[in-house]
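Chain and residue survey
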Amino acid sequence: MIEIVLEVLDVIVCIALIAAVLLQSGKGGGMGSTFGGNDGAFFGKGNDLDSLMAKATIWLGSAFAIITLALAKINA
């Protein structure tokens, strides 16, 4: 029973993790933005949604790893 719950939770967290990664904007603008093209990358604070998605990615990635390791321990 707990194995089925963890598998469903693992799939949900996996889909949420994929969505969180895809919702982030790209950080790199190539070499052109490094040498004067875009100062916001170095001196700007950044978008609040980007920082939220970055934190969500860390939390969801950690949850995915823990759930997957728990499933591996149960099935071993």
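Scroll up a little and you will see the structure.
A brief report on the enclosed structure follows. Residue positions are given per chain, counting from 1 as you read along its sequence in written order. Local features in this predicted model are restricted to residues whose pLDDT is 70 or higher, and side-chain atom pairs enter the listing and the counts only when it is 80 or higher, whereas totals over whole chains, interfaces and linings include all residues. The side-chain figures draw on all heavy atoms in the structure; neither hydrogens nor water molecules are used.

What to know about the overall build of the protein
Numbering goes from the N terminus for both helices and strands, where a helix is a DSSP run of H or I of at least four residues and a strand is a run of E of at least two. Within the protein, the secondary structure is distributed over 4 helices and 0 strands. Going residue by residue from the N terminus, the α and β elements of the protein occur as α-α-α-α. In the protein, which comprises 76 residues, the share counted as buried stands at 14%. It only takes one pair of heavy atoms within 4.5 Å for two residues to be counted as in contact. Taking the intrachain contacts of the protein between residues at least 6 apart in sequence as the baseline, contacts between residues at least 24 apart amount to 92%. Surface exposure here means Shrake-Rupley accessible area, sampled with a 1.4 Å probe, where a residue is shielded only by the protein chains that are shown. Carbon and sulfur atoms form 72% of the exposed surface of the protein, whose accessible area is close to 5,800 Å². The cut-offs for exposure are 20% and 50% of the maximum accessible area for each residue type, with area from a 1.4 Å probe on protein chains only; residues under the lower value are buried, those over the upper are exposed, and the others partly exposed.

Things to note about helix 4 (residues 48-75)
What a helix should span is 1.5 Å times the count of its residues minus one. Between the first and last C-alpha of helix 4 there are 40 Å, a value that for 28 residues agrees with the 40 Å anticipated at 1.5 Å per step. Taken residue by residue, helix 4 has D50, M53, T57, I67 and L71 as its buried positions. Against helix 1 (2-22) lie the buried residues of helix 4.

Concerning the environment of E7
Tracing the sequence through the fold places E7 in helix 1. C-alpha separation for the pair E7 and L71, spaced 64 residues apart in sequence, amounts to 7.5 Å.

Concerning the packing of helix 1 against helix 4
Helix axes are fitted to C-alpha atoms over the stretch in contact, other axes to C-alpha atoms as well, and angles between N-to-C directions run from 0 to 180 degrees. Where helix 1 contacts helix 4, the two axes come as close as 9 Å, and the packing angle between them is 155°. Compared by their axis directions, helix 1 and helix 4 come out roughly antiparallel. Between helix 1 and helix 4 the crossing geometry is left-handed. Residue-level inspection shows I2, E3, L6, E7, L9, D10, V13, C14, A16, L17, A20 and V21 of helix 1 in contact with helix 4, the latter providing M53, T57, L60, G61, A63, F64, I67, T68, A70, L71, I74 and N75. Nonpolar residues are Ala, Val, Leu, Ile, Met, Phe, Trp, Tyr, Cys and Pro. Charged residues are Asp, Glu, Lys and Arg, and all others, Gly as well, are polar. For the contact of helix 1 with helix 4, a count of residues per class yields 17 nonpolar, 4 polar and 3 charged. Any angle from 65 to 115 degrees is called roughly perpendicular, while one under 35 is roughly parallel, one over 145 is roughly antiparallel, and all others are oblique. By convention the crossing between two helices is left-handed if the near helix lies anticlockwise of the far one by an angle smaller than a right angle, and right-handed if it lies clockwise.

Quick look at the side chain of T57
Residue placement: T57 occurs in helix 4. Within the structure, T57 has its side chain in polar contact with the side chain of Q24 (distance 2.7 Å). Filtering out sequence-adjacent residues up to four positions away, T57 remains in contact with L17, A20, V21 and Q24. Any pair of nitrogen or oxygen atoms within 3.5 Å is treated as a polar contact; in protein, a donor-acceptor pairing is required on top of that, and neighbouring residues in sequence qualify only through side-chain atoms on both sides.

Shape is all these values report; function is a separate question.
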